[in-house]
Amino acid sequence: MPTVARIGPYRFFFFSNEGVEPAHVHIQREQALAKFWLRPVVLASSSGFGSRELRRLQGLVEEHREHFEESWREFFRT
């Protein structure tokens, strides 16, 4: 489970067995979890986050998308 960033209380990561899916990032804060596709940045799923926090998370993913995509390509060698 490579962690690609920590921003505030959030951990951004992906699972090592997900290279067959389009590029995306998971976000965790305590027991809350969300998944965002990277192109375009769209919420794929969430559990435990409210709508306001999900909008903030989408903004963070958009802001750091290039880093997340680069990390994805390096890890999965795509």
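This is a predicted model, so every value here is computed, not measured.

Asks: What is the right way to look at the side chain of Glu53 in this model?
Replies: You can see Glu53 is positioned in helix H1 (residues 51-76). With a relative accessible area of 18%, Glu53 lands in the buried category. Looking at Glu53, its side chain comes within polar contact range of the side chain of Arg29, at 2.8 Å. When near neighbours in sequence (up to four residues on either side) are disregarded, Glu53 contacts Tyr10 and Arg29.

Asks: Explain the pairing of strand E5 (residues 41-47) to me, please; I cannot follow it from the model alone.
Replies: If a strand is regular, its side chains alternate between the two faces of the sheet. Relative to E5, strand E4 (residues 32-38) runs antiparallel, the two sharing six bridges. Counted as the bridge partner of Leu38 is Val41 from E5. The hairpin formed by E4 and E5 contains two residues between the paired strands.

Asks: Is there a simple way to think about the packing of aromatic side chains in this case?
Replies: A ring pair, where both rings are aromatic, is described by two values, the distance of the centres and the angle of the planes. Evaluated as defined, the whole model comprises eight aromatic pairs. For the pair Phe14 and Trp72, a centre-to-centre distance of 5.2 Å together with 70° between the ring planes defines the contact as edge-to-face. Of this pair, Phe14 sits in the loop between strand E2 (10-13) and strand E3 (24-29) while Trp72 sits in helix H1, placing them 58 residues apart in sequence. Classification of Phe14 as buried rests on a relative accessible area of 2%. A relative accessible area of 4% means that Trp72 is categorised as buried. Centre to centre, the rings of Phe75 and Phe76 are 5.0 Å apart; their planes meet at 85°, and the pair counts as edge-to-face. By relative accessible area, Phe76 is classed as buried at 17%. Put simply, the rings of Phe14, Trp72, Phe75 and Phe76 pair up and form one aromatic cluster.

Criteria and thresholds
- Residues numbered from 1 in each chain as written.
- Predicted model: local features only at pLDDT ≥ 70, side-chain atom pairs only at ≥ 80, totals over all residues.
- Heavy atoms only, no water.
- Helix = DSSP H or I, 4+ residues; strand = E, 2+ residues; numbered from the N terminus.
- Buried < 20%, exposed > 50% of the residue type's maximum accessible area, 1.4 Å probe, protein only.
- Polar contact = N/O pair within 3.5 Å; in protein donor to acceptor, adjacent residues only side chain to side chain.
- Contact = heavy atoms within 4.5 Å.
- Pairing = 2+ DSSP bridges.
- Phe/Tyr/Trp six-rings, centres within 6.5 Å; stacked < 30°, edge-to-face > 60°.

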